[in-house]
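Listed here are the chains, written in short residue letters.
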Amino acid sequence: MRKITQNRQQNPKAKQRASLTFRMNILFFSIFVLFSVLIFRLGYIQIVKGEDYVRALERTEEVRVNTSVPRGRIFDRYGRILVDNQPENAITYTKMQTTKSAEMLEIAEKLANLIEQPTEKVTQRDKLDFWILRNPEKAKEKVTQKEMTKFQLENEELETKEINKEYDRRIRDRITDEELEQLTDFDLEVLAIYREMMTGYNLSPQIIKGENVTPEEFARVSEQLADLPGVNTTTDWKRVRLSPLAILGRTTVPSKGVPKSKLDFYLARDYSRNDRVGESYFEAQYEEILQGEKSVVKNITNKKGQVVETMTTFAGEPGKDLVTTIDVELQQKADEILEKYLLELKAKGGSQLLDRGFLVAMSPKTGELLSVVGKKIEKDKDTGKPYIVDYSYGTFTSAYEAGSTVKAATVLMGYNEGVIKPGTVMLDSPMRIGNITLNTLFNKTGSVMLNDLTALERSSNVYMFKIAMGIGGRTYSPGMRFSLAPGTLQTMRNEYAQFGLGVPTGIDLPGESTGYQADPDTDVKLLNLAIGQFDTYTTMQLAQYISTIANGGYRIQPRMLKEIRNPSKDGEYLGQVVEEVAPKILNKIENSQGEIEHVQEGLRRVYFGANGSARRQFETADYTAAGKTGTAEVVYYGPQRDKWKTNTINIVHVGYAPFDDPEIAYAVIFPWATTNFTNNYLPQANLTARELVDSYFELKNKYAEEGLSTSKVEKPIIKHSDEKLDEDEEVETVNE
């Protein structure tokens, strides 16, 4: 019995030992499995993925550095410089990942002893933050811990970041004006330097002073670079315009940097906040080509993350040069011509609303813009004296009623819609519709039979009204009750759109307007669309429209870019052509070649016919040409709001030359030229067109004698003007 009892007492111990052994085996097995997984994982990372991780590490070490590379230059079609770069001294600072504020402040103080730093950009907030940085203990005393604990208990839902923000706000609110006034002029200079240092990214040079750095300042800083870690003296590039043409655009300066409205756009493309970028028109349109490539450096760090060596892997590359389609000499002559006739009109009675004029000249076969001119009269707020500013961008951003210049499109629309055919004769006599009488200026009371060519030559309104009525399914009869078929307005606008009227021209510049399209409250008013006195069009649209007729029916995109070239290697010749921009056909009008040629003949008669409305200005020309004049009676809605709803007149002209093989097409507009309706014959638009075409052919002959050609692959760089226009200054011509 004892033996049995003893075995029973030993069984629990044996079971306990067996359980412990089992658990230890599981533990050892688990450790074995974990070590196996770890070894397998390490092997996978090192052997299979090792090269990928090495490459990833190298990618994180390589940084695009905001070194100042020259922006691409801009030339006219013959190689004359329009926008250049001017080198200037600059002082930069590059902060590292481990750089502390105290270290930056110490360097700022040293720099303030070496350079004169402007302080006008220092804000009140900058002063408050600087005072806190200078007086940390006094700042802490302004807000007690007890006060903030109470605030935290009362606002338990707030996160730590928001509580700290409130703490900082209270400190700033309690800094007195007397305390801020203790900041000396030297302190403000230090602050101005320090705030520039703080705006830069890690490992990216930030310009501390890039304008008006004197040779003495540059030399002093250069001598002390060993004691100024992160500071460097280098060369920056200032953008200099040699042409007042506003549509060349502007660039920002480093102190302004990337526009806030496009900050995310540029940061996503490896730009820095203080990069110089194109902010308007041509400079903005081709920013990515002009900008150039920043240098790329590889920063080698130690275990503490400190940069111990910097290796340049890509030295950077200047921006590509752009050759525009503009002929700068023709541009200057067109400037002078338009300004002359704008001022001539302004000197006449009834011109109180007139303040602008526009001219566009382009190649009708390629869409290349030869000259783009806009002039605007403004008054000096202090002296009241008038002066003229370049308003070339108004040629595609502002629109006006174009009057009879659109009648060629109306006739072609009549052919296309089956209302008339070449040679159709209709009666021109006053049209009485209800209590409204519609007539033609040269025939207010009589009756005369006109065909389509004579209607264009003499500018018949009635002929065009009857075309519009035919599209609306009606035939005129005196005293008729008037209505047009639904959809007539849209049909007409669709027809005009084929020529570029009322739709985007596709110009390679931002901000284009398509004009204003109103809804007529009566069908009778709709007839005015046929004579250009309802919808508004830009000067660029009119140039595209007349080009479409001149070239045989092809609507070509107007453009300013002709070639993209590599930077010049020797400064004497333009660089190699990278890309030559080809003409872009947007559409072809639906008329037959015979119909287009018939209308072309009508436009030729405007210049050389016995009753041509522009014969007086063009009959003595020693070249053939064709065009259309226009006078639009409109209601004023310009900048003088107190004069709104005043009745006034736009004078307009479109044309092309030579007639048989067009090289130049042009459009001229003088909006709100006069309020004098008793004597409204104003030839200034016609005269502007005539002198422009004369200048074009004079320059063509001159270029042939000089051997100047746009077709040469090797083009010498021509310095056209010594006048430099600062990017930060408005371009204006003062006229007493």
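Residues numbered from 1 in each chain as written. Predicted model: local features only at pLDDT ≥ 70, side-chain atom pairs only at ≥ 80, totals over all residues. Heavy atoms only, no water.

## A few points about unusual backbone geometry
At the junction of A657 and P658, the peptide bond is cis and its omega measures out at -15 degrees in the coordinates. Along the chain, P658 falls in the loop between β23 (647-657) and β24 (664-674). For N212, which is not glycine, the phi torsion reads 60 degrees and is therefore positive. Here N212 is to be found in the loop between β4 (206-209) and α10 (215-223). On the basis of relative accessibility, which here comes to 66%, the residue N212 falls in the exposed class. (Helix = DSSP H or I, 4+ residues; strand = E, 2+ residues; numbered from the N terminus. Buried < 20%, exposed > 50% of the residue type's maximum accessible area, 1.4 Å probe, protein only.)

## Observations regarding the packing of helix α3 (residues 101-112) against helix α9 (residues 185-199)
Interaxial distance between α3 and α9 falls to 8 Å at its minimum, and their mutual angle equals 125 degrees. One way to sum up the angle between α3 and α9 is to call them oblique. For the crossing formed where α3 meets α9, the hand is right-handed. The segment α3 lies against α9, with S101, M104, L105, I107, A108, E109, L111 and A112 engaging F186, E189, V190, I193, Y194, M197 and M198. (Axes fitted to C-alpha atoms, helices over the stretch in contact; angles between N-to-C directions. Parallel < 35°, antiparallel > 145°, perpendicular 65-115°, else oblique. Left-handed = near helix turned anticlockwise from the far one by under 90°. Contact = heavy atoms within 4.5 Å.)

## Things to note about the environment of T144
Structurally, the position occupied by T144 is in the loop between α5 (136-141) and α6 (145-154). Owing to a relative accessible area of 41%, T144 belongs among the partly exposed residues under this scheme. Between the alpha carbons of T144 and Y167 there is a distance of 9.6 Å; along the sequence they are 23 residues apart.

## Some words on the environment of E288
Relative to the elements of secondary structure, E288 occurs in helix α13 (residues 287-290). Each C-alpha atom of the pair E288 and G319 lies 8.4 Å from the other, and the pair is 31 residues apart in sequence.

## Details of the confidence of the model for the chain
In the predicted model, the chain carries a mean pLDDT of 88, and the fraction of residues at 70 or more is 90%. Note on residues 1-6: pLDDT under 50 across the span, and zero contacts to partners over four residues away in sequence or across chains. Low pLDDT, under 50, characterises residues 727-736; the stretch is placed with 28 contacts to residues that sit more than four places away or in other chains. (pLDDT = per-residue confidence, 0-100.)

## Here's the deal with the pattern of salt bridges
Under the definition given, this model contains 40 salt bridges. Between R71 and E287 there is a salt bridge, and its shortest N-O distance comes to 2.6 Å. Separated by 216 residues along the polypeptide, R71 in the loop between β1 (62-65) and β2 (74-75) and E287 in helix α13 bring together distant segments of the chain. The same class applies to R71 as to E287, namely buried. D661 is paired through a salt bridge with K365; the nearest N and O atoms lie 2.1 Å apart. With a gap of 296 residues between them, D661 in the loop between β23 and β24 and K365 in the loop between β9 (356-362) and β10 (369-379) connect regions that are remote in the sequence. Overall, K365 belongs to the partly exposed group, its relative accessible area being 45%. Through salt bridges that share partners, E147, E166, R169, R170, D173 and R174 make up one connected network. (Salt bridge = Lys/Arg side-chain N within 4 Å of Asp/Glu carboxyl O.)

## Examining the environment of G506
One can find G506 in the loop between α19 (488-497) and α20 (523-526). Its relative accessible area of 29% is what places G506 among the partly exposed residues. The sequence separation of G506 and I556 amounts to 50 residues, and the corresponding C-alpha distance is 8.8 Å. The residues contacting G506, other than those within four sequence positions of it, are E512, Q557 and P558.

## Quick look at the pairing of strand β19 (residues 561-565)
Taking burial as the measure, the five residues of β19 include five buried ones, the bulk of the element. As paired strands, strand β8 (residues 321-324) and β19 are joined by four bridges and run antiparallel to one another. Within the sheet, the bridge partner assigned to D321 lies in β19 and is R565. Here β19 pairs with strand β20 (residues 577-580) via three bridges, running antiparallel. What sits directly across from R565, in β20, is V577. (Pairing = 2+ DSSP bridges.)

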